[in-house]
Amino acid sequence: MGDWGMIERRKTSIVTVGDLKIGSEYPIVIQSMTKTDTCDIDKTTKQIQRLEKAGCELIRVAVKTSEDARAIRDIKKNINIPIVADIHFDYKLALEAVNYGADKIRINPGNINKKSHVNNVIVCALENNVAIRVGINSGSFTKNNSLKQNPEHAMVDELLKYLENFYAQKFYNIVISIKSSDVVSTCSALKRVASLCDCPIHLGITSTGLPEDGIVKSSVGIGALLLDGIGDTIRVSLTGESLLEIETAKRILVASGARYFVPEIISCPTCGRTQVDLISIVRELKQKLGNLKLKDCGKEKLTVAVMGCEVNGPGEARNADIGIAFGKNRGAIFCDGKIVETVHVSYAVDKLISAIRRLIG
Ligand code: SF4
């Protein structure tokens, strides 16, 4: 763990994917994957544009045919984020995807493992400055017996052995991932591999289920690794709406102290001491602060505490950049640890917004 509230990242090599850099010197990248048929260019492009607007920084598309590979060329014309071609079984599709402009290839040692095929992909990626993610997934892992006996070791050993071929050809533009639907196995495997190589790591828990389950599994798994400094890109996989994957990824990064996007609200759960409608106040504040992007106001982090009474209220409000601790019908606004004014509850949200605007200038 680094300074109070900040994670200390594991040192990694730096990977270049189009205009994007991945690794410990750069912010943790938010990824997603399209859920459309890739060769439906219009639908796929529109889905990527929506994800990009929501904060997706790297997008993966399934390439299962030559037509999908060809679609990358047209999709790229109308998006602004790098594109990753997800390849399984047929290494020739990786070559085609690179030819049509993929910025990164994801290959799976579980189904592309003939040395001459892998070498062809490496040479093609080298010649075109394309990155490769080597991603092992427990669902397509071939050594099922060893997986049952010791899943972490089996997947890590397989991955490291696979990488030897890349290093032999001086190919280092590599991101790695090991995914499983089991949170504990994924975390153990990634902690082990993180100590054995310096490649940037892509984090995700796979096949997590519907959002109500998947959000919790992803938060626990990705969050635990981030707190240990592991992880350079993340994808939340949900059996559901893609935009929710991006929103959840952002929330995990904020909760882990890895990245901030909008002001963070700290608010108490309310209890028998609360004398105002704190839930409505926080909802209104969150909605009004949603448009205030930290990058636009030059702040890395901004915390706003909204607390229901004098028990924990003044302490949290003092520790935040801006805070309010309510009593009966009134609240004391704190700025940089000091009370600057007391306001009636009906003006509280607007007064807080004004105080935030004064703070960020
Ligand atoms: S801050 Fe006060 S109102 Fe809020 S939960 Fe704690 S004791 Fe209850």
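Going by the structure above, here's the rest.
Predicted model only: the values in this text are computed from it and were never measured.

Caption draft 1: Geometry of the overall build of the chain. A tally of regular secondary structure across the chain gives 12 helices and 15 strands. For a compact globule of 361 residues, the expected C-alpha radius of gyration is about 21 Å, and the chain comes in at 23 Å, within 12% of that figure. Along the longest, intermediate and shortest principal axes, the C-alpha atoms of the chain span 75 × 45 × 35 Å. In the chain, buried positions account for 44% of the 361 residues.

Caption draft 2: Representation of the site of the ligand in the model. Looking at the ligand, the residues that line it are Cys268, Pro269, Thr270, Cys271, Arg273, Thr274, Met307, Gly308, Cys309, Val311, Asn312 and Gly313. Tallied by class, residues from the shell around the ligand come to six nonpolar, five polar and one charged.

Caption draft 3: Region of interest: the pairing of strand S11 (residues 264-267). In the sheet, S11 pairs with strand S12 (residues 303-307) via four bridges, with the strands oriented parallel. Within the sheet, the bridge partner assigned to isoleucine 265 lies in S12 and is valine 304. Crossover connection from S11 via helix H10 (residues 278-289) to parallel S12: handedness left-handed.

Caption draft 4: Structural view of the sheet that holds strand S7 (residues 131-137). A sheet is described by the order of its strands in space; here eight strands give the open sequence S8-S7-S6-S5-S4-S3-S10-S9, paired in parallel fashion. Strands at the two margins of the open sheet, each flanked by one partner only, are strand S8 (174-179) and strand S9 (202-203). Pairing between S9 and strand S10 (residues 233-234): two bridges, direction parallel. Within S10, the position partnered with histidine 202 by the bridge is threonine 233.

Caption draft 5: Representation of the sheet that holds S11 within the structure. An order of S11-S12-S13-S14-S15 is seen for the five strands of this open sheet, with the pairing classed as mixed. Since the sheet does not close on itself, it has two edges, and those belong to S11 and strand S15 (338-344), each with one partner. Here the average twist between neighbouring strands, direction ignored, is 20°. Alignment of strand S14 (residues 330-335) against S15, held across six bridges, turns out to be antiparallel. From the neighbouring strand, cysteine 335 faces S15, where its bridge partner is lysine 338.

Caption draft 6: A look at the pairing of S12. In terms of burial, S12 is largely enclosed, as four of its five residues are buried. In this structure, S12 lies alongside strand S13 (residues 322-326), joined through four bridges in parallel fashion. Within the sheet, the bridge partner assigned to alanine 305 lies in S13 and is glycine 323. Considered for its hand, the β-α-β crossover made up of S12, helix H11 (residues 313-319) and S13 is right-handed.

Caption draft 7: Summary view of the nonpolar core. The biggest cluster of nonpolar side chains holds 73 residues, and the ones touching the most others in it are Ala85, Ala94, Ala97, Ala102 and Ile105. Non-local contacts of isoleucine 105, meaning those with residues more than four positions away in its chain, are made with Ala85, Ile87, Ala94, Ala97, Val98, Val121, Ala125, Val130 and Ile132. Listed in part, the 23 residues of the second largest apolar core include Cys268, Leu278, Ile322 and Phe334.

Thresholds, definitions, all that
- Residues numbered from 1 in each chain as written.
- Predicted model: local features only at pLDDT ≥ 70, side-chain atom pairs only at ≥ 80, totals over all residues.
- Helix = DSSP H or I, 4+ residues; strand = E, 2+ residues; numbered from the N terminus.
- Rg over C-alpha atoms; globule rule 2.2 N^0.38 Å.
- Buried ≥ 20, exposed ≤ 12 C-beta atoms within 10 Å, placed from the backbone.
- Near = placed C-beta within 6 Å.
- Nonpolar A, V, L, I, M, F, W, Y, C, P; charged D, E, K, R; others polar.
- Pairing = 2+ DSSP bridges.
- Right-handed = clockwise from strand over helix to strand, strands pointing away.
- Axes fitted to C-alpha atoms, helices over the stretch in contact; angles between N-to-C directions.
- Core = buried A, V, L, I, M, F, W, Y, C linked by C-beta atoms within 7 Å.
- Contact = placed C-beta atoms within 7 Å.

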